[in-house]
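These are the residues of each chain, in order.
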Amino acid sequence: MALASRVWRFLPLARGAVPGTRFPTRTWGSREQCCPGRFRGPEVIGNAGTLKRGLLFSALSYLGCETYQVISQAAVVHATAKVEEILEQADYLYESGETEKLYQLLTQYKESEDAEVLWRLARASRDIAQLSGTSEEEKKLYVYEALEYAKRALEKNESSFAAHKWYAICISDVGDYEGIKVKIANAYIIKEHFEKAIELNPKDATSVHLMGIWCYTFAEMPWYQRRIAKMLFATPPSSTYEEVV
């Protein structure tokens, strides 16, 4: 505003200007292009108003941009703090064995874009499915729900070992409803994600243990299942007892 006021005082025909003053004008594309002695007062006044409005608009735009940046940064900090608070509450409930409360907490944030929230929600959905009070119909719904959350977690962060681990676990659970062909086909995917989880975090005992179970399962596969697998796939999943240990 101060800058605009200073400019305004030096413009022709501002308040207090001497009447009759003549200033050269230059109107492009008209016959008055080269008539320095002719003055069009309203045009100058209009241009001054336009300039003043332009200066005000520029100042307000700058202030608006600065305000937006400050608000955006504050929002990011607030969102990060909120996610950390949610994760802290979720981990406490998980360690306390409060399966239903944990699920109720996390489902409030099922539209989250954070992989840490989503893989925990996949785990919570699976745990609900495992409860004795859950009917078979509900169990199936929770199993597929868990897989969807695990998939989204992996999409949001492929570097999360936990997302890989729970994606593998949830695919294994879904195999119980998809038939032997799909279950064997999923075995490749399960192994791949367990291996990736171990690569990202070699100290995660759960991933290592489950990878061992996978190897043991295929090392112990009955002959008839092997035969079915060979009929369905050129190179069916296989493992040895050496790989188990």
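Scroll up a little and you will see the structure.
Cut-offs used in this document
Residues numbered from 1 in each chain as written. Predicted model: local features only at pLDDT ≥ 70, side-chain atom pairs only at ≥ 80, totals over all residues. Heavy atoms only, no water. Salt bridge = Lys/Arg side-chain N within 4 Å of Asp/Glu carboxyl O. Helix = DSSP H or I, 4+ residues; strand = E, 2+ residues; numbered from the N terminus. Buried < 20%, exposed > 50% of the residue type's maximum accessible area, 1.4 Å probe, protein only. Core = buried A, V, L, I, M, F, W, Y, C linked by side-chain atoms within 4.5 Å. Contact = heavy atoms within 4.5 Å. Axes fitted to C-alpha atoms, helices over the stretch in contact; angles between N-to-C directions. Parallel < 35°, antiparallel > 145°, perpendicular 65-115°, else oblique. Left-handed = near helix turned anticlockwise from the far one by under 90°. Nonpolar A, V, L, I, M, F, W, Y, C, P; charged D, E, K, R; others polar. Arc of directions from axis to C-beta. Phe/Tyr/Trp six-rings, centres within 6.5 Å; stacked < 30°, edge-to-face > 60°. Lys NZ or Arg CZ within 6 Å of the ring centre and 35° of its normal. Lys, Arg positive; Asp, Glu negative; His and termini not counted.

Caption draft 1: Fine view of the pattern of salt bridges. Summed over all chains, the structure comprises seven salt bridges. Across the pair lysine 156 and glutamate 113 runs a salt bridge, and its minimum N-O distance is 2.3 Å. Here glutamate 113 lies in the loop between helix H3 (99–107) and helix H4 (115–130) and lysine 156 lies in helix H5 (residues 136–156), a separation of 43 residues in the sequence. For lysine 156, a relative accessible area of 42% puts it in the partly exposed group. Ionic pairing is found between lysine 183 and aspartate 176, a salt bridge with its closest N-O pair at 2.9 Å. Several salt bridges share partner residues, and in doing so they unite Asp91, Glu116 and Arg120 into one network.

Caption draft 2: Layout of the nonpolar core. Core analysis: the biggest nonpolar cluster contains 40 residues, and Leu106 and Phe194 have the highest contact counts within it. Breaking this core down by element, the ones donating at least two residues are helix H2 (41–95), H3, H4, H5, helix H6 (161–178), helix H7 (180–200) and helix H8 (205–219). Setting aside chain neighbours within four positions, we find phenylalanine 194 in contact with Lys165, Ala168, Ile169, Leu210 and Met211.

Caption draft 3: Fine view of the packing of H3 against H4. The N-to-C vectors of H3 and H4 enclose an angle of 140°; their axes lie 9 Å apart at closest approach. As far as their axial angle goes, H4 and H3 are oblique. Crossing geometry of H3 relative to H4 is assigned as left-handed. The residues of H4 that touch H3, namely those facing Thr99, Glu100, Leu102, Tyr103, Leu106 and Thr107, are Val117, Arg120, Leu121, Ala124, Ser125, Asp127 and Ile128. Considering only residue class, the contact of H3 with H4 consists of seven nonpolar, three polar and three charged.

Caption draft 4: Region of interest: H3. Among the residues making up H3, those that are buried are Thr99, Leu102, Tyr103, Leu105 and Leu106. Seen along its axis, H3 keeps its buried residues to an arc of 160°; they face one direction. Every exposed residue of H3 that faces more than 90 degrees away from the buried side is listed here: Glu100, Lys101 and Gln104.

Caption draft 5: Quick look at the packing of aromatic side chains. For the structure on display, the rule yields two aromatic pairs. Ring geometry for tyrosine 144 and tyrosine 177: centres 6.2 Å apart, planes at 45°, overall tilted. Residue tyrosine 144 is located in helix H5, and its partner tyrosine 177 is located in helix H6; the two are separated by 33 residues in the primary sequence. We classify tyrosine 144 as partly exposed; its relative accessible area is 29%. On the basis of relative accessible area, tyrosine 177 is assigned to the partly exposed category, the value being 29%. One Lys or Arg, arginine 123, reaches over the ring of tyrosine 94 and ends 3.5 Å from the middle of that ring.

Caption draft 6: Geometry of the side chain of aspartate 127. As for its position among the elements, aspartate 127 is in helix H4. Although aspartate 127 lies buried, it forms no salt bridge, and the closest oppositely charged side chain, arginine 126, sits 4.7 Å away as judged by the N-O distance. Contact partners of aspartate 127, with chain neighbours within four places excluded, come to Tyr94 and Thr99.

Caption draft 7: Here's a closer look at the environment of leucine 102. Counting through the fold element by element, leucine 102 comes out in helix H3. For the pair leucine 102 and serine 125, spaced 23 residues apart in the sequence, the C-alpha separation amounts to 9.4 Å. Not counting residues within four places of it along the chain, the set of residues in contact with leucine 102 comprises Ala90, Leu93, Tyr94 and Ala124.

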